[in-house]
Amino acid sequence: LSSISTTSYLCSIIIMLTLQGNTRIAFLIFFASHIPITLLVDGQAFFRRSFYPKVLRDVVDWYAVTFKDSLMEHPVEPWFSSLVSIEVIFQLPFFFLAIYALLQQSKHPKNRSICGDGAFKSLCIIYGSSTATTLVPILQCILTDEQTNMSEKGILLGFYLPYLIFPLWLVIIAVSNEDIFGGVKASKKEQ
């Protein structure tokens, strides 16, 4: 029984270190949910607020006041706006590519247009590293904000930590595997 449990545990760890199964689904949900958040919420810290309908501006204002998120209070600090510019300009296109690549995995390997061992793997490392880096000053601001108590900091960390955890997880997957989708390269004889 012990060896079965150990084997099962090791298999689940291996699957978590590739973009397969539930890990693939988790990343699909993460990237798909991040698109509207980037465009409709975070984008307000980068684009002119007048670009957005009043109802969306009101939602962000309500969020900032209700959860005491000083980063999203307007006017937004220039350093924070510059981090959001990275999200909008560089990360947003990657979200679409990542969703496409993850959806491709349901196809037979010969019919996939994106492989897990080439440029997409490199982009995953770049995206994950860049995003994790931008979260450092954001989390530092949350943790040192004297206007929030520990409970409020905990809630804000709950909002922001997934944007650190998923990118770091993606970097770990990319650097731990020859093929981030768990494929095995065919030998030259098979090719």
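Refer to the structure printed above.
Novice: What is the right way to read the overall build of the protein chain from this model?
Specialist: Tallying secondary structure elements over the protein chain gives seven helices and zero strands in all. Looking at the protein chain as a whole, 39% of its 191 residues are labelled buried.

Novice: What am I meant to see in the environment of Ser129 here?
Specialist: Structurally, Ser129 can be placed in helix 5 (residues 119–144). Distance in space between the C-alpha atoms of Ser129 and Val171 is 6.8 Å, their sequence separation being 42 residues. Within the local environment of Ser129, its side chain forms a polar contact with the backbone oxygen of Ile125, the two atoms lying 2.8 Å apart.

Novice: Just to check I follow, could you spell out unusual backbone geometry for this structure?
Specialist: Excluding glycine, a negative phi dihedral is what most residues carry, and trans is how most peptide bonds are arranged. Geometrically, the link from His74 to Pro75 is a cis peptide bond, its omega value of 5 degrees lying close to zero. For Pro75, the position within the fold is in the loop between helix 3 (54–66) and helix 4 (78–104). For Lys68, which is not glycine, the phi torsion reads 50 degrees and is therefore positive.

Novice: Is there a simple way to explain the pattern of salt bridges in this structure?
Specialist: Proximity of charged atoms lets side chains of opposite charge pair with each other. Counting across every chain of the model gives three salt bridges. Residues Asp61 and Arg49 are paired through a salt bridge, measuring 3.0 Å at the closest nitrogen-oxygen approach. Here Arg49 lies in the loop between helix 2 (21–41) and helix 3 and Asp61 lies in helix 3, a separation of twelve residues in the sequence. Accessibility expressed as a relative area gives 30% for Asp61, which makes it partly exposed.

Parameters and conventions
- Residues numbered from 1 in each chain as written.
- Predicted model: local features only at pLDDT ≥ 70, side-chain atom pairs only at ≥ 80, totals over all residues.
- Heavy atoms only, no water.
- Helix = DSSP H or I, 4+ residues; strand = E, 2+ residues; numbered from the N terminus.
- Buried < 20%, exposed > 50% of the residue type's maximum accessible area, 1.4 Å probe, protein only.
- Polar contact = N/O pair within 3.5 Å; in protein donor to acceptor, adjacent residues only side chain to side chain.
- Salt bridge = Lys/Arg side-chain N within 4 Å of Asp/Glu carboxyl O.

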